[in-house]
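Breakdown of the fold
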Amino acid sequence: MEIWINPACSKCRSALTLLDAEGADYTVRRYLEDVPSEDEIRAVLGRLGLEPWDITRTGEADAKELGLKEWARDAGSRDRWIAALAAHPKLIQRPIITADDGTAVVARTDEAVRDALSR
């Protein structure tokens, strides 16, 4: 499995601690440094079963600057949202774990991390 993290994020650190405690085999991706492409974001969204606005941190300064709260949340706007996430990776909710079974979870809770581990 792979986990997308921001090392400054307490939820990310908690997820890593739990993965380590469970002896999980995983790869860390510091997504602010190794920025996912639009295609990678689309793939993760497919694995999550979510839309880009579902994983967007709308409280971030970049989101306010872009006016994201005003953007349409529909199929016609999907590519615009994905492009914004690729251009401003701070907007991506974290941590995201891609599980070995092809699914993914936004692992902000211990329960979500355990869910990823059980797949």
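Structural data are supplied above this passage.
Computed from a predicted structure; not experimentally measured.

**Some points on the side chain of Ser-77**
Among the structural elements, Ser-77 can be located in the loop between helix 3 (61-66) and helix 4 (78-87). Accessibility expressed as a relative area gives 13% for Ser-77, which makes it buried. Within the structure, Ser-77 has its side chain in polar contact with the side chain of Asp-74 (distance 2.9 Å).

**A short note on the state of the cysteines**
A covalent bond between the sulfur atoms of two cysteines is what we call a disulfide. Scanning the model with the defined rule gives zero disulfides in all. Note on Cys-9: no disulfide assigned, nearest cysteine sulfur contributed by Cys-12 at a separation of 3.5 Å.

**What to know about the packing of aromatic side chains**
Tallied over the entire structure, the rule returns two aromatic pairs. Note on Trp-71 and Trp-81: the rings are 5.5 Å apart at their centroids and 80° apart in plane angle, and the pair reads as edge-to-face. Here Trp-71, found in the loop between helix 3 and helix 4, pairs with Trp-81, found in helix 4; they are ten residues apart in sequence, far enough to count as distant. By relative accessible area, which is 12% here, Trp-71 ends up buried. Classification of Trp-81 by relative accessible area gives buried; the value is 1%.

**Here we look at unusual backbone geometry**
The omega torsion across Arg-94 and Pro-95 is -15°, close enough to zero to call that bond cis. With respect to the element layout, Pro-95 can be found in the loop between helix 4 and strand 3 (96-98).

**A closer look at the pairing of strand 2 (residues 27-30)**
In terms of strand pairing, strand 1 (residues 2-5) meets strand 2 through four bridges, oriented parallel. Paired with Glu-2 across the two strands is Thr-27, which belongs to strand 2. Remark: the strand 1/helix 1 (residues 10-21)/strand 2 crossover connection has right-handed handedness.

**Section: the sheet that holds strand 3**
One open sheet accounts for four strands, arranged 2-1-3-4; its pairing is mixed. The open sheet is flanked by strand 2 and strand 4 (104-106), the only strands paired with a single partner. This sheet shows a mean twist of 20° between the axes of neighbouring strands, independent of strand direction. Sheet strands in contact with helix 1 are strand 1, strand 2 and strand 3, and its direction is about 155° off that of strand 1.

Definitions and limits used
- Residues numbered from 1 in each chain as written.
- Predicted model: local features only at pLDDT ≥ 70, side-chain atom pairs only at ≥ 80, totals over all residues.
- Heavy atoms only, no water.
- Helix = DSSP H or I, 4+ residues; strand = E, 2+ residues; numbered from the N terminus.
- Buried < 20%, exposed > 50% of the residue type's maximum accessible area, 1.4 Å probe, protein only.
- Polar contact = N/O pair within 3.5 Å; in protein donor to acceptor, adjacent residues only side chain to side chain.
- Disulfide = S-S within 2.5 Å.
- Phe/Tyr/Trp six-rings, centres within 6.5 Å; stacked < 30°, edge-to-face > 60°.
- Pairing = 2+ DSSP bridges.
- Right-handed = clockwise from strand over helix to strand, strands pointing away.
- Axes fitted to C-alpha atoms, helices over the stretch in contact; angles between N-to-C directions.
- Contact = heavy atoms within 4.5 Å.

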